[in-house]
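# Analysis of the macromolecular model
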2 protein chains.
Amino acid sequence: MTAGLPNLSPQDIAALRAIPLFGQLSDRALSLLAGVALVRPVARGATLFLQDEPADRFFVLLDGWVKLFRLTREGSEAVVHVIGPAESFAEAAMFADGKFPVCAEAVTDARVMTLTAEGFARCLREDDRIAFGMLGSLSLRLRHLVTQIEQLQVQPAPQRVAAFLLRFCPAGDGSASFALPFDKALAARRLGMQPETFSRALAKLRPLGVDTQGLLVSVADLSALRDFVETPSD
Amino acid sequence: MTAGLPNLSPQDIAALRAIPLFGQLSDRALSLLAGVALVRPVARGATLFLQDEPADRFFVLLDGWVKLFRLTREGSEAVVHVIGPAESFAEAAMFADGKFPVCAEAVTDARVMTLTAEGFARCLREDDRIAFGMLGSLSLRLRHLVTQIEQLQVQPAPQRVAAFLLRFCPAGDGSASFALPFDKALAARRLGMQPETFSRALAKLRPLGVDTQGLLVSVADLSALRDFVETPSD
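Residues numbered from 1 in each chain as written. Chains lettered and ligands numbered in written order. Predicted model: local features only at pLDDT ≥ 70, side-chain atom pairs only at ≥ 80, totals over all residues. Heavy atoms only, no water.

## A closer look at the overall build of chain A
As a reminder of what qualifies: By the criteria applied, helices consist of DSSP H or I runs no shorter than four residues and strands consist of E runs no shorter than two, each listed in order from the N terminus. The globule rule used for comparison is 2.2 Å times the number of residues to the exponent 0.38, while the radius of gyration itself is calculated over C-alpha atoms. Note on exposure labels: buried denotes an accessible area under 20% of the residue type's maximum, exposed denotes more than 50%, and partly exposed covers the range between, all computed with a 1.4 Å probe on protein chains only. Only heavy atoms matter for contacts: two residues are in contact if any of them lie within 4.5 Å across the pair. Here the open area of atoms and residues is found with the Shrake-Rupley method and a 1.4 Å probe, where only the protein chains shown may cover a residue. Just so you know, the count uses Lys and Arg for positive and Asp and Glu for negative, and it drops His and the chain ends. Charge coordinates come from a single atom per side chain, which is NZ of Lys, CZ of Arg, CG of Asp or CD of Glu.
Of the regular secondary structure elements, chain A holds 9 helices and 11 strands. At 25 Å, chain A has a C-alpha radius of gyration far larger than the 17 Å of a compact globule built from 234 residues. Principal axes of the C-alpha set define a box for chain A whose edges measure 70 × 50 × 30 Å. Within chain A, the proportion of its 234 residues that are buried is 46%. Across chain A, contacts joining residues at least 24 apart in sequence account for 71% of those joining residues at least 6 apart. Of the roughly 11300 Å² of accessible surface on chain A, a fraction of 52% belongs to carbon and sulfur atoms. For chain A, the separation between the mean place of its 24 positive charges and that of its 26 negative charges on side chains is 4 Å.

Below, the structure written as structure tokens:
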């Protein structure tokens, strides 16, 4: 095993650490991966891979820009993404053991790090902590993005409460009744609102046929409630 | 190795497949994991783990509801999340080899699947495809969420173009000049806009001291451009 990280500058290491997949890795794990990685210059216009080829490796772009595109039936290019420095690409295709869904071509002179599935699997066998570290950093990042989306998609309280109630209802139309499995204060907390807001939202659902008695809830018309959730209010 | 999935109903299997971590796993991989998992009923009010305990396992809630909370210095509970059926929790803590950041308590009678770090590592060693499958499904889901966030955070075109230009500029104040590494049509595509929209956006940045001649760009005042990106326009 090589000591240190061959061919990688301190900026490269910083770029690797900034990639979600590698965020939680130890120096030792990063060294192991760098040991099986190939770092090479790529000239402007060079093809990195073609659509439908087996995805047996993935890429980290250290310098330069790479375009990902599909070939249309008429033979023209539809650019789906342009990858910039310190971004990884094709990892989802490789891990899912599939084919590259797009073509990749360098649009500037570039420097690319390639990791093959086989080299990667060898590292995983050598050090359990690599899989754990990667799963950990992806899990943390997923959690963060889900929270961000929840904050961006702030629906009004009545809609959020209606969507929550629908989770306890069967599919289909008609009516439903059920008991909330826990108290309203906790239900409110789950939805990120104050208990008073939750109660006011419930009151606003009454004209839609939602009736509550303590923890017992009855919904007169499930499809009306679904429509209400999906319709943005003013 | 057991044949089939002991203690798991067809609904349980469907719930496992719906969890991001397990979405891409083969039946064989799911069987391996189920073979080292513990499925048990948990009574309402039972504690699953305490804040600051070593995170040596993670959980999939098959039925019921579980609250995650912190103890405040005054000894009261601050609920941070309520987990519902078919959700996993504590996996980020386990993979990152840390401590549980919260306490977990069942708020209803529940049925919980537990996977220990040790059992999990054993499965990873037994079948390379498990780590690949999990990394694949998390990568796909990350990509999907990032796209969703980009769509939710639609900034006006001039702000998006300004943010793109700033990626080529040094930190700090003052002025900067550089050449775009690829043509404006591709730059527009990267930002998900038509080339005409990109050109109109560039024109709108001119009063801010952004000048373009072909691919050459000069920015008179970096901090003014940064302010512009961060200020929502009407």
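Structure's up, so let's keep going.
## Digging into the relation of the copies chain A and chain B
Here is the rule we go by: Each copy is superposed on the other by least squares, with the fit set by C-alpha atoms of residues at a pLDDT of at least 70 in both.
Under the fitted operation, chain A is carried onto chain B by 0.0 Å of movement along the axis and a turn of 180 degrees, and the coordinates agree to an RMSD of 0.1 Å. What the superposition gives is, in effect, a two-fold axis relating one chain to the other. Take the interface residues of chain A: 98% of them recur as interface residues in chain B, which is what a same-surface contact looks like.

## Here's the deal with the domain arrangement of chain A
How we decide: As annotated, the domain borders come from an automatic or database domain assignment.
Split into domains, chain A comes out as domain 1 (10–150) and domain 2 (157–230). Taking only C-alpha atoms, the centre of domain 1 of chain A and the centre of domain 2 of chain A are 44 Å apart.

## Brief notes about the interface of chain A and chain B
To be explicit about the condition: Note on definitions: buried area is the accessible-area loss of two parts on being combined, 1.4 Å probe, summed for both. Here a salt bridge means any side-chain nitrogen of Lys or Arg lying within 4 Å of a carboxyl oxygen belonging to Asp or Glu.
In this assembly, 55 residues from chain A lie in contact with 54 residues from chain B. Counting each side, the surface lost to burial between chain A and chain B is near 4600 Å², with a carbon and sulfur contribution of 70%. One can count 4 salt bridges joining chain A with chain B. One salt bridge connects A:Arg190 with B:Glu87, and the closest N-O pair in it is separated by 3.4 Å. Going through the elements one at a time, β5 (77–83), β6 (87–89), α3 (91–95), α4 (117–126), α5 (128–152) and α7 (184–190) of chain A are the ones with two or more residues in the side of chain A that touches chain B.

## Quick notes on the pairing of strand β3 (residues 57–63) of chain A
Residues and elements named next belong to chain A. Our working rule: Pairing between strands is defined by DSSP: at least two bridges between the two strands are required.
Across the 7 residues that make up β3, a large majority, 6, are buried. Strand direction decides the pairing type here: β3 and strand β8 (residues 110–116), joined by 6 bridges, are antiparallel. When the sheet's bridge partners are listed, Phe-59 is paired in β8 with Thr-114. Summarising the sheet, β3 and β6 pair through 3 bridges and their orientation is antiparallel. Counterpart to Leu-61 in the pairing with β6 is Glu-87.

## Points about the nonpolar core
Nonpolar side chains in soluble globular proteins generally cluster together in the buried interior. Applied cut-off: To define a nonpolar core, start from buried Ala, Val, Leu, Ile, Met, Phe, Trp, Tyr and Cys residues and group those joined through side-chain atoms within 4.5 Å.
Grouped together as the largest cluster of nonpolar side chains are 106 residues, with contacts concentrated most on A:Phe22 and B:Phe22. In this structure, A:Phe22 is in contact with A:Leu16, A:Arg17, A:Leu30, A:Leu33, A:Phe58, A:Val60, A:Leu115, A:Met134 and A:Ser137, ignoring residues within four places of it in sequence.

## A few points about the UniProt feature "domain: HTH crp-type" (unreviewed entry) in chain A
The cut-off we apply is this: UniProt positions are given in the numbering used here, feature names are shortened, and annotations may be inferred rather than shown by experiment.
Sequence positions flagged by UniProt for "domain: HTH crp-type" (unreviewed entry) are, in local numbering, residues 155–223 of chain A. Secondary structure over residues 155–223 of chain A splits into 43% helix and 17% strand, and the C-alpha atoms at its two ends are 19 Å apart.

## Some words on the pattern of salt bridges
For the structure shown, the criterion picks out 20 salt bridges over all chains. A:Asp56 is the partner of A:Arg57 in a salt bridge, and the nearest nitrogen-oxygen pair spans 2.6 Å. Note that B:Asp27 and B:Arg17 form a salt bridge whose closest N and O atoms lie 2.6 Å from each other. With B:Asp27 in helix α2 (residues 27–36) and B:Arg17 in helix α1 (residues 10–18), this pair connects stretches of sequence that are 10 residues apart. Judged by its relative accessible area of 57%, B:Asp27 falls in the exposed class.

## So, the UniProt feature "domain: Cyclic nucleotide-binding" (unreviewed entry) in chain A
UniProt records the feature "domain: Cyclic nucleotide-binding" (unreviewed entry) for residues 21–124 of chain A in the present numbering. The annotated region residues 21–124 of chain A carries 22% helix and 40% strand content, and the separation between its end C-alpha atoms amounts to 14 Å.

## Some thoughts on the side chain of A:Arg57
Residues and elements named next belong to chain A. Defined as follows: Distance and chemistry together define a polar contact, namely a pair of N or O atoms within 3.5 Å, with one atom able to donate a hydrogen and the other to accept it when in protein, and with adjacent residues in sequence counting only for side-chain atoms on both sides.
Mapped onto the elements of the fold, Arg-57 is located in strand β3. In terms of polar contacts, Arg-57 uses its side chain to reach the side chain of Asp-56, at 2.6 Å. If sequence neighbours within four positions are ignored, Arg-57 has contacts with Leu-48, Phe-49, Ala-90, Met-94, Phe-100, Thr-114, Leu-115, Thr-116 and Ala-117.

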